[in-house]
Amino acid sequence: MGGLAALAKAAGHTVTGQDKKLYPPMSTQLDKLGIEVLEYAPESLPPKDAVDVIVVGNVMSRGMPVVEAMLEQKYPYISGPQWLAENVLRDKWVLAVSGTHGKTSTSSMLAWILEYNGYQPGFLIGGVPANFSQSARYSERNFFVIEADEYDSAFFDKRSKFVHYHPDTLVINNLEFDHADIFEDLSAIQKQFHHVVRTVPSTGMIVHNALELNIDKVLAMGCWSETRGFQVDDNISQTGWSVQQESAKDFAVYLDGKKHGEVHWQQLGQHNVENALAAIAAAHHVGLNVEHACNALKSYHGVKRRLEVLLKTQTVTLYDDFAHHPTAIETTLSGIRAHYPDDKIVAVFDPHSNTMKRGEHNMVLANTFTLADQVLVYAHSDLNWSVSEVFTPLASKTEEFTEIESGLQLVAQAVDKAVVEAVDAQQHTHVVILSNGSFSGMHQRLIDYISR
């Protein structure tokens, strides 16, 4: 919604907004744009005759006083995705990046690849790419990159957001069960993915993870566009996109069994290699040379809150990662472990998403942390499950805390211990904050403690 506000402002509209618990980086971005944001309240609504339309985010629901006031006073309103489709995406070549994981990173990579090569795309991304320092950009040029979310559009439109976008190039990175507050099961999510597949024109392309059976099932429901698979494993595919890993931060890119370029960059983990390959494939669809796409990624600097390094000292590195799903957590930790096999990893976990709070992933949750040496879990009051029970397989290295202050103390003890051990064993410690929320200011307080 902050990105939509930025696009509307750039398009010449007067924009104000309402939100709750707004925090950086989005609060900072909106403030710089001069967009006033007030707390949710009926009295904060502007006069009706001063409003062309209220763009309603999907966090809003019936029963909220501001929503009831909007309906009773008959303000004109529209969902965010529909407003975007009608006011920004119309007549654009839309490159939409979907999937359970990696949407933000892949979208950021794709936008940077196009920017580096002179395409000057518009974009709307669910994070702040370091290469742009903003999550959204309005452009008069033909190309628009959008992070295509499967979450519902609004309380009055339960279709997935991406159904509105009508992409010419659709990326499907992966597909797993998530958003348990919206979808009953995986098949319900697959149905929504097939809805967006139905909107891709016959002249368009669907770039998809060739190793994901859940995506295969979606495409088997019906597909009227060209498809190209990508895969990151030990094989060079003769049909589609693949890679040959040369080192932790170097890989060669292949199309139909032929080498087309090399990437040398600073990103960690196999998941980012998959994201990069998807971005390269999407850029190739608009006509970009593969080698030129690879060259762009050499200067790609990542996304805020996606394994973002907040602070690095001689003995400790502090990361922020927008963890919302077990697979995302596992890939983050495996990326660090692969690059730093002998170092210590301390995971500080906030199960913040609705799906996490409901316990939908409890059967696999503990196993996602096996690569961490120490796991500190925030057992906040909204959890519907017991941390000690779910993390029984990792009981020897798991501690829970119910208050932020006690959590800070646990992390502080881990950091102090890391400093002592580093003197003796020359071992570095990686502290990873895993949360898709504000974590009550945990990030800044740890920065302050470590840099004291």
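Computed from a predicted structure; not experimentally measured. (Residues numbered from 1 in each chain as written. Predicted model: local features only at pLDDT ≥ 70, side-chain atom pairs only at ≥ 80, totals over all residues. Heavy atoms only, no water.)

## What to know about the sheet that holds strand E13 (residues 226-231)
- An order of E7-E6-E8-E5-E11-E12-E13-E14-E15-E16 is seen for the 10 strands of this open sheet, with the pairing classed as mixed. Of all the strands in the sheet, just strand E7 (136-137) and strand E16 (258-264) have a single pairing partner and so form its edges.
- Pairing between E13 and strand E14 (residues 241-247): two bridges, direction parallel. From the neighbouring strand, Phe230 faces E14, where its bridge partner is Trp241.
- Along the sheet, helix H5 (residues 103-116) makes contact with strand E5 (93-98), strand E6 (122-124), E7 and strand E8 (143-147), crossing E8 at roughly 165°.
- On the sheet, helix H9 (residues 290-297) packs against E14, strand E15 (250-255) and E16 and is oriented at approximately 15° with respect to E16. (Pairing = 2+ DSSP bridges. Helix = DSSP H or I, 4+ residues; strand = E, 2+ residues; numbered from the N terminus. Contact = heavy atoms within 4.5 Å. Axes fitted to C-alpha atoms, helices over the stretch in contact; angles between N-to-C directions.)

## A few points about the pattern of salt bridges
- If you walk through the whole model with that rule in mind, you get 13 salt bridges.
- The partner of Glu68 in a salt bridge is Arg62, and the shortest N-O contact between them spans 2.7 Å.
- By relative accessible area, Glu68 is classed as buried at 19%.
- Classification of Arg62 by relative accessible area gives exposed; the value is 52%.
- We note a salt bridge from Arg159 to Asp157, for which the minimum N-O separation is 3.0 Å. (Salt bridge = Lys/Arg side-chain N within 4 Å of Asp/Glu carboxyl O. Buried < 20%, exposed > 50% of the residue type's maximum accessible area, 1.4 Å probe, protein only.)

## Details of the sheet that holds strand E18 (residues 316-321)
- Across the sheet, which stays open at both edges, the six strands sit in the order E17-E18-E22-E19-E20-E21 with mixed pairing between neighbours. Bordering the open sheet on either side are strand E17 (308-312) and strand E21 (398-401), each of which pairs with just one other strand. For this sheet, the mean angle separating the axes of adjacent strands, direction not counted, is 20°.
- As defined by bridge partners, strand E19 (residues 344-349) adjoins strand E22 (residues 429-434) across six bridges and the pair is classed as parallel. Across the sheet, the residue bridging to Ile345 is His430, located in E22.
- Of the strands in this sheet, E18, E19 and E22 touch helix H10 (residues 326-339), which is tilted by about 165° from E22.
- Packed on one face of the sheet, helix H15 (residues 442-450) meets E17, E18, E21 and E22 and runs near 170° to E18.

Coordinates in, geometry out; function isn't part of it.
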